[in-house]
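Structural description and commentary
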2 protein chains.
Amino acid sequence: MHSFTEENYLKAIYKLQEANGLIVATSALAQVLEVHAPSVTDMLKRMAGKKLVTYQKSKGVKLTEKGRQVAVGIIRNHRLWEVFLVDKLGYKWDEVHDLAEQLEHIHSEDLTNKLDMFLGFPKADPHGDPIPDANGILPKSKAVLLSTLKMGERGTFTGVTDHTPAFLNYLDKSGISLGNSIKVKAIEEFDQTYTIQLKDKKDTVISYKVANSLLVNKVETT
Amino acid sequence: MHSFTEENYLKAIYKLQEANGLIVATSALAQVLEVHAPSVTDMLKRMAGKKLVTYQKSKGVKLTEKGRQVAVGIIRNHRLWEVFLVDKLGYKWDEVHDLAEQLEHIHSEDLTNKLDMFLGFPKADPHGDPIPDANGILPKSKAVLLSTLKMGERGTFTGVTDHTPAFLNYLDKSGISLGNSIKVKAIEEFDQTYTIQLKDKKDTVISYKVANSLLVNKVETT
DNA sequence: TTAATAAATTAGGTTAATCTAATTTATTTT
DNA sequence: AAAATAAATTAGATTAACCTAATTTATTAA
Ligand SMILES: [Mn+2]
Ligand SMILES: [Mn+2]
Ligand SMILES: [Mn+2]
Ligand SMILES: [Mn+2]
């Protein structure tokens, strides 16, 4: 099997490929993995030897198909364990990430699939992130940032792009939860502050930074 | 925290201390951990430096109180996860050990305690082994080997001393399950073969080897 | 109680994963 | 296009956890 370290590199490369371009820089990996650049260079060479990535000196890395399979498998584990922790053990959504970082490295496809069944084949984790299926297929979401909506538009809150406990706590405190229907009541021109209306609640004012961290499924206003 | 390797050494030392004497030999550890003796010597020195064991050159090791705490914590994790796998995910008792070997190293006391609650505070794992409580206290069992019972005596089957899938499968096939009441109907003098009666079942013949791997709570015949 | 055997340690390596300091390669800026 | 800056790699070490071969210490047998 692969080491935890390799798995963390694969996951990091995968996420950087998704977020930015196709090719990932040494420095970007060093930053997210919290190691120094020469460590990354070293590791990438070893992983290239195992055909997990294609590495071009001084250019960057990409996952091979094999590497992608492993990365998506880990993400599947991570998100299923997060569902377990929240739905079954009663954790809050801001408490589960670090535990899932450990649990995602348990090596057993069979366990993953049994856990999936036990949880009722959830489609998304507690933060709204989609859970890859057993074949490594991850549904393409068409959610957009709340900050892209215009006055009067509506959406359903389906995910976050900031997963920090601080932000998640802020949402709890503000009564903003996954699944809520949101309508943009006003956008302050000066600083892009949003006034939104949550179903059955009085209007709430959120900063641009917050609006830019919330994913919504836009509801077409007919 | 401690590495998985250290935790496995601690667990191995703990089990050897319980089974045999107070002091554990390098060779015994090498055998159960499947490494070579110089590796053990090396590791024991490092662990002694961390005050997890007391190590006397060429004599052997013992756990310190700190080392014992860690060891029992891991055993608690292991057994709780085994209960989870069997009770919640539907695994059979002969399939869970290797997975629990991985899960036992998840570091979170809080997770362990929440899992314990979720499982309903089980007293024993699927093999009848007692689960230490949150304070590291492990109830002393008074179970004895079935092979120590005499003709006509009775007991309740509460545990096994052989945890191999082969043996556990044999018990399944023979219809012998934890909690069964067992009466010794006959003991063949020649080879110590036992004829036992299981509640509501016809008599079953088991070898001495089997009788010597089953733990029972003896029922005083009034 | 010496000799033979078994157990444990020391000596000297290896590999994965990290580091710092020095150097090379790539990208910007003038 | 040269100079300046930034990014990446090489060189050389370190640490944990292992190994084999050689040596020492302890136990058992003669
Ligand atoms: Mn997470
Ligand atoms: Mn998540
Ligand atoms: Mn087990
Ligand atoms: Mn068990």
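In case you missed it, the structure is sitting above this.
Read on for an overview of the structure. The structure displayed is predicted, hence computed values, not measured ones.

Residue and element names in this part refer to chain A. Taken together, the protein ligands of the manganese ion (ligand 1) are H78 (NE2), E82 (OE) and H97 (ND1), with distances of 2.0 to 2.2 Å. Sequence positions of the residues that donate to the manganese ion (ligand 1) give the spacing H-x3-E-x14-H. Here the manganese ion (ligand 2) and the manganese ion (ligand 1) are spaced 3.4 Å from one another, each receiving a donor from E82. Taken together, the residues span a long stretch of sequence, with H78 in helix α4 (residues 65–88) and H97 in helix α5 (residues 97–103) at a distance of 19 residues. Among the residues examined, H97 registers a relative accessible area of 34% and is labelled partly exposed.

This brings us to the sheet that holds strand β7 (residues 204–206) of chain B. Residue and element names in this part refer to chain B. Read across the open sheet, the six strands follow the order β3-β8-β4-β5-β6-β7; overall the sheet is antiparallel. Edge positions in the sheet fall to β3 (144–145) and β7, since each of these pairs with one other strand and no more. Sheet topology places strand β5 (residues 181–187) next to strand β6 (residues 194–198); five bridges connect them, and they run antiparallel. Following the sheet pairing, A186 is matched in β6 by T195. Packed on one face of the sheet, helix α7 (residues 165–173) meets β4 (154–160), β7 and β8 (214–219) and runs near 145° to β4.

As a further point, take the protein's contact with DNA strand C. Among the 20 residues in the neighbourhood of DNA strand C, the closest are listed as A:S3, A:S39, A:R46, B:K45 and B:Y55. Sugar and phosphate atoms constitute 74% of the interface atoms of DNA strand C, taking the interface as everything within 4 Å of the protein. Here a phosphate oxygen of DNA strand C and a side-chain polar atom of A:R46 are 3.0 Å apart. A distance of 3.1 Å separates a phosphate oxygen of DNA strand C from a polar side-chain atom of B:T26. In terms of residues, the surface near DNA strand C owes the most to one element, helix α3 (residues 37–49) of chain A, which gives five residues. Here the surface near DNA strand C is built from residues that sort into eight nonpolar, eight polar and four charged.

All names here are of chain B. Protein ligation of the manganese ion (ligand 3) involves H78 (NE2), E82 (OE) and H97 (ND1), the donor distances falling in the range 2.0 to 2.2 Å. Counting residues between consecutive donors of the manganese ion (ligand 3) along the chain gives the motif H-x3-E-x14-H. In this structure, the manganese ion (ligand 3) lies 3.4 Å away from the manganese ion (ligand 4), the two metals sharing E82 as a donor. The exposure class assigned to H78 is buried, which follows from its relative accessible area of 7%.

Two copies of one chain are present, and they are related through a rotation about an axis combined with an axial shift. Structural alignment of chain A on chain B gives an RMSD of 0.0 Å, achieved by rotating through 180° and translating 0.0 Å along the axis. In the structure described here, the two chain copies are related by an operation that fits a two-fold rotation axis. The C-alpha atom lying nearest the rotation axis in chain A is that of A:L103; the distance is 3.8 Å. Interface overlap between copies is the fraction of interface residues in one copy that are interface residues in the other; for chain A against chain B it reaches 100%, indicating a shared surface.

As a further point, take the nonpolar core. Counting 30 residues, the largest nonpolar core has A:W81, A:F84, A:L85, A:L111, B:W81, B:F84 and B:L85 as its most contacted members. Elements that contribute at least two residues to this core include exactly α4, α5 and α6 (109–118) of chain A together with α4 (65–88), α5 (97–103) and α6 (109–118) of chain B. In this structure B:W81 touches A:W81, A:F84, A:L103, B:L103, B:E104, B:L111 and B:L115, once residues within four positions along its chain are discounted.

Residue and element names in this part refer to chain A. Under the definition given, this model contains 18 salt bridges over all chains. Close ionic contact of E6 with K50 constitutes a salt bridge, the shortest N to O distance being 2.5 Å. Residue E6 is located in helix α1 (residues 4–19), and its partner K50 is located in the loop between α3 and β1 (53–56); the two are separated by 44 residues in the primary sequence. The exposure class assigned to K50 is partly exposed, which follows from its relative accessible area of 41%.

With respect to the helices, strands and loops of the structure, B:S108 is situated in the loop between α5 and α6. Of note is the side chain of B:S108, whose polar atom sits 2.9 Å from the backbone nitrogen of B:L111. Once you skip the residues sitting within four places of it in the chain, B:S108 turns out to touch A:Y91 and A:L99.

Residue and element names in this part refer to chain A. Here we have six strands laid out as an open sheet, ordered β3-β8-β4-β5-β6-β7, and antiparallel in their pairing. Either end of the sheet is taken by a strand with one partner, and the two such strands are β3 (144–145) and β7 (204–206). Pairing analysis gives six bridges linking strand β4 (residues 154–160) to strand β8 (residues 214–219), with the strands arranged antiparallel. The residue bridging G155 from the neighbouring strand is K218, located in β8. Running at roughly 145° to β4, helix α7 (residues 165–173) makes contact with β4, β7 and β8 of the sheet.

Cut-offs and rules
- Residues numbered from 1 in each chain as written.
- Chains lettered and ligands numbered in written order.
- Predicted model: local features only at pLDDT ≥ 70, side-chain atom pairs only at ≥ 80, totals over all residues.
- Heavy atoms only, no water.
- Donors = N, O, S within 2.8 Å, 3.2 Å for Na, K, Ca; no water.
- Helix = DSSP H or I, 4+ residues; strand = E, 2+ residues; numbered from the N terminus.
- Buried < 20%, exposed > 50% of the residue type's maximum accessible area, 1.4 Å probe, protein only.
- Pairing = 2+ DSSP bridges.
- Contact = heavy atoms within 4.5 Å.
- Axes fitted to C-alpha atoms, helices over the stretch in contact; angles between N-to-C directions.
- Near = heavy atom within 4 Å.
- Polar contact = N/O pair within 3.5 Å; in protein donor to acceptor, adjacent residues only side chain to side chain.
- Nonpolar A, V, L, I, M, F, W, Y, C, P; charged D, E, K, R; others polar.
- Least-squares fit on C-alpha atoms with pLDDT ≥ 70 in both.
- Core = buried A, V, L, I, M, F, W, Y, C linked by side-chain atoms within 4.5 Å.
- Salt bridge = Lys/Arg side-chain N within 4 Å of Asp/Glu carboxyl O.

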